[in-house]
Amino acid sequence: MHLKLLVLSASSVMLWLAPLTALDKNLDIHKALQGLSLTAAIACAVTAGNIARKQSEQNEIEEIKTRAITADVVDEIATSAYISQQQRQQEAEQILNPREHLERSLALTCDDDSDLETIVQKELVEREQNGSENGESERAERIMQLKAKGWGKAKIILEIWGVTKGGSPKYKAAEAEYKRLVEEEEK
Amino acid sequence: MRAMYLANYFLSGCIAFSLLGWVASLHPHAFRAVLCLLAATAIIWCLSWLLDFSLSSALKISVSDLQAYLIAAGAMFLVGLGVYLCT
């Protein structure tokens, strides 16, 4: 295609300049030849221009495709990074023991060391009793908040349980719990 | 590639003006006809420069593009007729 383009461009220049410089304008036959060659030169130049324009448009389309693919890849990477960050955060929250939280908060508020252990024990017993109920109610509350914001089921499950959509047993368990909590809240 | 197609269209314009010169050299009547055509073209060209903003909005192209086309048309005229007359 490039060769054709170059040949057409070069021939149009030659057909334009060569007859005008080489042939005599006073002779009729020469004049006719000049007219013919000029017409042929215009045809060559226009054809070459059309070919080059088509090529240029194709190149532009290819560039757009490449840019779209790059953007897709970047988006994919960003999404996976976001999901892994969420999972790490979830894991970190699970690792942090509630006992530790309580001890820290009590250490800030209470100065007496002898009372501390008894208070901690009492608090822990209360917390274990209410823990599951509170956790569920907090989750249910959070689900309703997110639903009010217009979030979808999969997004809410990802946010609260840190599980991505799929056929994994973790996701199924989270989905079942989600349904149960929503039904309870709706009642 | 974009430069290539613009160069080819410019070249075809130059050759078209040379062909116009060749037509003008065929007969005195043809010469007058070509002269009238060139005069009309020159008037339109000047008016386009004067009304470039309204023309660009009517043609839905930017003013700089319109000015580029007008300059290219002027250059085609000069190169095409110049080549024909000088050879």
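Residues numbered from 1 in each chain as written. Chains lettered and ligands numbered in written order. Predicted model: local features only at pLDDT ≥ 70, side-chain atom pairs only at ≥ 80, totals over all residues.

**So, the overall build of chain A**
Broken down by element type, chain A carries six helices and zero strands. A buried classification covers 12% of the 187 residues belonging to chain A. The contacts of chain A with a sequence gap of at least 6 include a subset with a gap of at least 24, amounting to 48%. (Helix = DSSP H or I, 4+ residues; strand = E, 2+ residues; numbered from the N terminus. Buried ≥ 20, exposed ≤ 12 C-beta atoms within 10 Å, placed from the backbone. Contact = placed C-beta atoms within 7 Å.)

**Considering the overall build of chain B**
When helices and strands are tallied, chain B shows four helices and zero strands. For chain B, the succession of helices and strands along the chain, N to C, is α-α-α-α. Within the span of chain B, comprising 87 residues, buried residues form 18% of the whole. Of the contacts made within chain B by residues no fewer than 6 positions apart, 56% connect residues no fewer than 24 positions apart.

**Considering the confidence of the model for chain B**
Regions with low pLDDT should not have their predicted coordinates read in detail. Residue and element names in this part refer to chain B. Mean pLDDT for chain B: 92, with 100% of residues reaching 70 or above. Across chain B, element-level confidence peaks in helix 2 (residues 28-50) with a mean pLDDT of 94 and bottoms out in helix 3 (residues 52-59) with 90. Here the prediction assigns the complex a pTM of 0.58, and the interface score ipTM is 0.84. (pLDDT = per-residue confidence, 0-100.)

**Thoughts on the interface of chain A and chain B**
Between chain A and chain B, the contact holds 23 residues from the first and 17 residues from the second. A class-by-class count of the residues in the side of chain A that touches chain B yields 11 nonpolar, 10 polar and two charged. (Nonpolar A, V, L, I, M, F, W, Y, C, P; charged D, E, K, R; others polar.)

**A word on the nonpolar core**
If you look at the biggest cluster of nonpolar residues, it comprises 22 residues, and the most contacted ones within it are Leu 38, Ala 41 and Ala 45 of chain A together with Ile 15 of chain B. For this core, the elements supplying multiple residues, two or more each, are helix 1 (2-22) and helix 2 (28-95) of chain A together with helix 1 (2-24) and helix 4 (63-86) of chain B. Not counting residues up to four positions away in its chain, the partners in contact with Leu 38 of chain A are Trp 16 of chain A together with Ile 15, Ser 18, Leu 19 and Trp 22 of chain B. In this structure, Ile 156, Ile 157, Leu 158 and Val 163 of chain A belong to the second largest nonpolar core, which totals five residues. (Core = buried A, V, L, I, M, F, W, Y, C linked by C-beta atoms within 7 Å.)

**A few points about the packing of helix 1 of chain A against helix 2 of chain A**
All names here are of chain A. In contact at an axis separation of 8 Å, helix 1 and helix 2 are set at 155° when each is read in the N-to-C sense. By the angle between their directions, the pair helix 1 and helix 2 is classed as roughly antiparallel. The element helix 1 and its partner helix 2 pack so that their crossing is left-handed. Contacts between helix 1 and helix 2 involve Lys 4, Leu 5, Leu 8, Ser 9, Ser 11, Ser 12, Leu 15, Trp 16, Pro 19 and Leu 20 from the former and Leu 33, Gln 34, Ser 37, Leu 38, Ala 40, Ala 41, Cys 44, Ala 45, Thr 47, Ala 48, Ile 51 and Ala 52 from the latter. For the contact of helix 1 with helix 2, a count of residues per class yields 15 nonpolar, six polar and one charged. (Axes fitted to C-alpha atoms, helices over the stretch in contact; angles between N-to-C directions. Parallel < 35°, antiparallel > 145°, perpendicular 65-115°, else oblique. Left-handed = near helix turned anticlockwise from the far one by under 90°.)

**Re the packing of helix 1 of chain B against helix 2 of chain B**
Residues and elements named next belong to chain B. Here helix 1 crosses helix 2 at 140°, and the two axes come no closer than 7 Å. As summarised for this structure, helix 1 and helix 2 are arranged oblique, according to the angle between their axes. Mapping the contact onto sequence places Leu 20, Val 23 and Ala 24 in helix 1 and Ala 30, Phe 31 and Val 34 in helix 2. Here the residues of the contact of helix 1 with helix 2 sort into six nonpolar, no polar and no charged.

**Observations concerning the environment of Val 23 of chain B**
Residue and element names in this part refer to chain B. Relative to the helices and strands, Val 23 is located in helix 1. Given 16 C-beta atoms within a 10 Å radius, Val 23 is considered partly exposed. As for Val 23 and Val 34, which are separated by 11 residues in sequence, their C-alpha atoms are 7.7 Å apart. Discounting chain neighbours no more than four positions away, the residues touching Val 23 are Ala 30 and Val 34.

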